[in-house]
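As a plain string of letters, each chain reads:
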Amino acid sequence: MNLTDRDRQHLWHPYTQHKTAQPAIAIVRGKDALLWDENDKEYIDAIASWWVNPFGHSNTVIADAIYKQLTTLEHVLFGGFTHEPAILLGEKLLQILPDNQKKIFFSDNGSTAIEVAIKVSLQYFFNNNQKRTTIIAFEDAFHGDTFAAMAASGISLFTEAFNGMFIDVVRIPVPIKGREMASEAALKEAIKNNPCAAFIFEPLVQGAAGMVMYTPESLDQLIQICHANKVLTIADEVMTGFGKTGKNFACNYLKQQPDMICLSKALTGGTIPMAITTFTQDLFDAFYDDDINKALFHGHTFTANPTGCAAALASLSLLETDTMQHNIARVNQSHLAFQKHIQNHPKVSTTRVLGVIFALEIKIESQESYYGTMRNKLYNFFIEKGVVLRPVGNIVYILPPYIITQQQLEKVYTIVEEALEIV
């Protein structure tokens, strides 16, 4: 019995309707931008395995750091204890994050990083003897699958089974070109009519919505409105962090900085689950008190796992190299060239590029659902051609590892262009 058949006996996969889905592809090894299945078929990983793997599979720099840490200290509880890898990682991150960030809190994944930020937002006002219970979020946002993160998300396909069970959330339009004023007006209205604790956003790019992009200037305006009204701001950099937008963080494009930043995915180079939520000093100080009840009662068994911290430190060292920065610029320039080539194709509605992110929207006559017929047809075509791409409805995006070769990248572009002929 092969791996795929054995998988079907016991395993339940994410975002999968197992009755109708194709059997899972069993991957047995990976190197750089390539994966191989149990039949030795080769695939180009053109989405960095859900955006986590910018430095390539089986990266020896990260692997060596993990091995060295495992032979020294694999894990120790973080309640009442600390260790050098966590301290070094905190110091390193705060050197490259916006300078208003002063404290970091560890958790396990992007969703829990969001969960921490939302809990801190609500308790911040509670600790200051105020009751603010509403979160502001963008339409079509996606922030994760734990409960507060789901509440802040606006993609109903993922959350409709839980309607009526969430914290209070008010949604405002994304300030895409032409809707900037409507977004600002909706934010002001939300703050005026609700006890708002925080505004959460994916800075500059909404990933799961189909790589929807908007300008730093429009986000600066929204953050400024929040600051003027003492509403906290949360930047969800789980996808955008660590070079995806061309800078270390999407927030590096902003003049107004958020109060909290959520990080995960590429944090450890796609090796070990880990997340971080960072905070201003003012937020931390609201929990610093003689009253034990004002503490942040939140934690995870693997908080600040030393092995994960070692992987993250190695990942950051790779990000800062001239080679990796050159790769990010190279992928961006290649995307821009492909955009120029493909944007006037009769089946292409719009294209957009930021950093290593490329998105193409296919013209359709009626609204395509997230997992609709076109999406499935495209996905299967890409897999057949040996490219891992996961379209969002009628939107095809490319977000490759930074180390992808030019030849591999050109093959991805060619296959995306070929896919337009089957829709």
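Only a predicted model underlies this, so the values are computations on that prediction, with no experimental measurement involved.

A word on the sheet that holds strand S3 (residues 42-45)
Each strand in a sheet pairs with another by means of backbone hydrogen bonds, the pair being arranged parallel or else antiparallel.
Item 1. The strand order S1-S2-S3-S15 describes an open sheet built from four strands, whose pairing is mixed. Taken across any chain shown, the strands that pair with only one partner, and hence form the sheet edges, are strand S1 (27-31) and strand S15 (387-388).
Item 2. Across three bridges, strand S2 (residues 34-37) lies against S3 in antiparallel orientation. Bridging from a neighbouring strand, Leu 34 pairs with Ile 44 of S3.
Item 3. On top of the sheet, helix H14 (residues 406-419) reaches S2, S3 and S15; it is set at about 90 degrees to S3, its chief contact.

What about unusual backbone geometry?
Item 1. In this structure, Asp 32 takes a positive phi of about 55 degrees despite not being glycine.
Item 2. With respect to the helices, strands and loops of the structure, Asp 32 is situated in the loop between S1 and S2.
Item 3. Taking relative accessible area as the criterion, Asp 32 reaches 38% and is therefore assigned partly exposed.

As for helix H5 (residues 110-127)
Item 1. Compared with an ideal rise of 1.5 Å per residue, which puts 18 residues at 26 Å, H5 spans 25 Å between its outermost C-alpha atoms and is within 8% of the ideal.
Item 2. A large share of H5 lies buried, amounting to 15 of its 18 residues.

With respect to the side chain of His 83
Item 1. By secondary structure assignment, the location of His 83 is in the loop between helix H3 (60-70) and helix H4 (84-96).
Item 2. With relative accessibility at 6%, the residue His 83 sits in the buried group.
Item 3. Reaching out from His 83, the side chain makes a polar contact with the backbone nitrogen of Ala 86 at a distance of 3.3 Å.
Item 4. Reaching out from His 83, the side chain makes a polar contact with the backbone oxygen of Ala 304 at a distance of 2.7 Å.
Item 5. Setting aside its immediate chain neighbours within four residues, His 83 contacts Leu 73, Val 76, Phe 78, Ala 304, Asn 305, Pro 306 and Cys 309.

Quick notes on the nonpolar core
Item 1. Core analysis: the largest hydrophobic core is formed by 100 residues, its most contacted members being Leu 93 and Leu 389.
Item 2. Per element, the largest residue contribution to this core is seven residues, and it comes from helix H11 (residues 306-319).
Item 3. Leu 389 has contacts with Ala 46, Ile 47, Tyr 379, Phe 382, Val 396, Tyr 397, Ile 398, Val 412 and Val 416, leaving out every residue within four places of it along the chain.

Focus: the packing of H4 against H11
Item 1. Axis separation between H4 and H11 bottoms out at 9 Å; the angle between their running directions is 35 degrees. Once H4 is placed against H11, the crossing between them reads as left-handed. Residue-level contacts link Pro 85, Ala 86, Leu 88, Leu 89, Lys 92, Leu 93 and Ile 96 of H4 to Pro 306, Cys 309, Ala 310, Ala 312, Leu 313 and Leu 316 of H11.

Observations regarding the packing of aromatic side chains
The description of an aromatic ring pair rests on the distance of the ring centres and on the angle between the ring planes.
Item 1. Taken as a whole and judged by the stated rule, the model has 15 aromatic pairs.
Item 2. Ring geometry for Phe 55 and Tyr 402: centres 6.0 Å apart, planes at 85 degrees, overall edge-to-face. Pair noted here: Phe 55 is in the loop between helix H2 (48-51) and H3 and Tyr 402 is in the loop between strand S16 (395-398) and H14, with a separation of 347 residues, a long-range link. Exposure class is identical for Phe 55 and Tyr 402. Each is buried.
Item 3. Among the aromatic residues, those joined into a cluster by ring pairs are Phe 138, Phe 199, Phe 201 and Tyr 214.

A look at the pairing of S3
Item 1. Turn length for the S2-S3 hairpin, with the two strands adjacent in sequence and antiparallel, is four residues, and the turn residue Asp 40 shows positive phi of about 70 degrees.
Item 2. Sheet topology places S3 next to S15; two bridges connect them, and they run parallel. Bridge pairing in S15 links Asp 45 to Val 388.

Definitions and limits used
Residues numbered from 1 in each chain as written. Predicted model: local features only at pLDDT ≥ 70, side-chain atom pairs only at ≥ 80, totals over all residues. Heavy atoms only, no water. Pairing = 2+ DSSP bridges. Helix = DSSP H or I, 4+ residues; strand = E, 2+ residues; numbered from the N terminus. Contact = heavy atoms within 4.5 Å. Axes fitted to C-alpha atoms, helices over the stretch in contact; angles between N-to-C directions. Buried < 20%, exposed > 50% of the residue type's maximum accessible area, 1.4 Å probe, protein only. Expected span 1.5 Å × (residues − 1). Polar contact = N/O pair within 3.5 Å; in protein donor to acceptor, adjacent residues only side chain to side chain. Core = buried A, V, L, I, M, F, W, Y, C linked by side-chain atoms within 4.5 Å. Left-handed = near helix turned anticlockwise from the far one by under 90°. Phe/Tyr/Trp six-rings, centres within 6.5 Å; stacked < 30°, edge-to-face > 60°.

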